[in-house]
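Here is how the chains run, residue by residue.
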Amino acid sequence: MPLISCFDPWQSGLCTCPKKLTLNPYTGCDHRCVYCYASSYIVGFSECKPKKDLLERLRLEAPKLVGEVISLSNSSDPYPKTEQYTGLTRRCLEILVEHNCRIQIITKSNLVVRDDDLLTQVPSTVAFTIATDNDQLAKILEPNAPLPSQRLSAAKDLIKQGIPVLVRIDPIIPFVNDQQQRLIKTLADIGVKHITSSTYKVKPDNWQRLSTALPTVVEKLERLYFKEGERVGGNVLLPRDLRLMILKNVRDLADAEGLKFGCCREGLERLNTATCDGSWLLSKAGGEGGSV
Ligand code: SF4
């Protein structure tokens, strides 16, 4: 099985991402987010392990990847805690840069700043997922991940280096983090160019974790999801009108601050003002070796 594959998350009919490839240096992720979707596919997901023969396989596949857009990572964070000791994601980036790939990083970790010297050599973007700017709430939602304040500080550093940054306000959970005006203002002030957003989608295992972590809103969420919501694939979504209201509000706030907007797997792409994954920013990115 190739290490790098076409990005096609869960063959979701709702995905509107442009064509790209994906690389996950690790299987599993140690950030332990209560709302994680990927944990339902892999047993022992929170025990993060490097992919078998990762670097050898990447060196073999890399000559076919020249100029391709490679997204790291879509099923797990490329900067789990263990990355600071293994440096494996950095070694992957070295190989991808050597082959002139265009790189999209998606992470919740400020450790990505370590690799800014590589990311400035080719067209690259960094997407930080920041569901809330409240560090205390983030400790409940994402107990083992770096704090949002650390991610915002890392975003500022990368922007100073000329690396375009987008932010995924994802997932939005009603009654928990659906008021995003302050965060969006902060993002605009530090020079973030794009917001991608999405509402929380229930899967049996993430619901178990989330309802334990947020007991005061369980009853209200149960009504919205299980009585009024809609089933799409293996997920339960909020009612469509409510999703539209929440995401339109984020889009309008982004508009007001001059940021582009895309929503992720909602069936509401009419709200988008740019490619949903922020890949339009690759054409704005610096880098000497890229083909854009
Ligand atoms: S960072 Fe992403 S992959 Fe890792 S636990 Fe959180 S939601 Fe799951």
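Each chain carries its own residue numbering, running from 1 in the direction its sequence is written. At least 70 in pLDDT is required for a residue's local features to be given in this predicted model, at least 80 for side-chain atom pairs to be given and counted, and no such filter applies to totals for whole chains, interfaces and linings, which use all residues.

(A) Region of interest: unusual backbone geometry. The omega torsion of the bond from Leu72 to Ser73 falls at -10°, within 30 degrees of zero and hence cis. Under the DSSP-based scheme used, a helix requires at least four consecutive residues in state H or I and a strand at least two consecutive residues in state E, with every element numbered from the N terminus. Here Ser73 shows up in the loop between β5 (69-72) and α2 (83-86). Look at Asp53: it is not a glycine, yet its phi comes out positive at around 50°. Counting through the fold element by element, Asp53 comes out in the loop between β4 (49-50) and α1 (54-61).

(B) Seen up close, the confidence of the model for the chain. Think of pLDDT as the predictor's per-residue confidence, scored from 0 to 100. Averaged over the chain, the pLDDT score is 93; the fraction of residues at 70 or greater is 96%. Our contact criterion uses C-beta atoms placed from the backbone: two residues qualify when those atoms are within 7 Å. Segment residues 287-292 is flagged for pLDDT under 50; beyond a separation of four residues in sequence, or across chains, it makes 19 contacts in the model.

(C) How the structure looks around helix α10 (residues 240-256). Helix length check: α10 (17 residues) gives 24 Å between terminal C-alpha atoms against 24 Å at 1.5 Å per residue, within 8%. Taken together, the buried positions of α10 are occupied by Arg243, Ile246, Leu247, Val250, Arg251, Leu253 and Ala254. Summarising the axial view, the buried residues of α10 lie within an arc of 160°, below the 170-degree limit, and thus occupy one face. Looking at α10, the residues exposed on the side facing more than 90 degrees away from the buried face are Asp241, Met245 and Ala256. In this structure, the buried side of α10 is in contact with β8 (165-172), α7 (181-190), β9 (194-199), β11 (235-237) and β12 (260-263). Gly258 lies just past α10 and shows a positive phi near 80°. The span expected for a helix works out to 1.5 Å for each residue beyond the first. Here a residue counts as buried when 20 or more other C-beta atoms sit within 10 Å of its C-beta, as exposed when there are 12 or fewer, and as partly exposed otherwise, the C-beta atoms being derived from the backbone. Working note: the arc is built from the helix axis to C-beta atom directions.

(D) Spatial organisation of the site of the ligand. For each residue, a C-beta atom is placed from the backbone, and the residue is labelled near a molecule or strand when this atom is within 6 Å of it. Around the ligand sit Cys29, His31, Arg32, Cys33, Cys36, Ala38, Ser76, Asp77 and Lys108, and that is every residue in its neighbourhood. Split by residue class, the shell around the ligand holds 4 nonpolar, 2 polar and 3 charged. Each residue receives one of three labels: charged for Asp, Glu, Lys and Arg, nonpolar for Ala, Val, Leu, Ile, Met, Phe, Trp, Tyr, Cys and Pro, and polar for the others, Gly being one of them.

(E) Representation of the nonpolar core in the model. Nonpolar core, as used here: buried Ala, Val, Leu, Ile, Met, Phe, Trp, Tyr and Cys residues forming one set through C-beta atoms within 7 Å. Ile103, Val167 and Ile195 are the most contacted members of the largest nonpolar core, which has 78 residues in total. When near neighbours in sequence (up to four residues on either side) are disregarded, Val167 contacts Ala127, Phe128, Ile130, Leu187, Val192 and Ile195.

(F) Inspection of the sheet that holds β8 at higher detail. A pair of strands is treated as paired once DSSP finds two or more bridges between them. Read across the open sheet, the 8 strands follow the order β1-β2-β5-β6-β7-β8-β9-β12; overall the sheet is mixed. Taken across any chain shown, the strands that pair with only one partner, and hence form the sheet edges, are β1 (5-6) and β12. Relative to strand β6 (residues 102-107), β5 runs parallel, the two sharing 4 bridges. The residue bridging Ile70 from the neighbouring strand is Ile103, located in β6.

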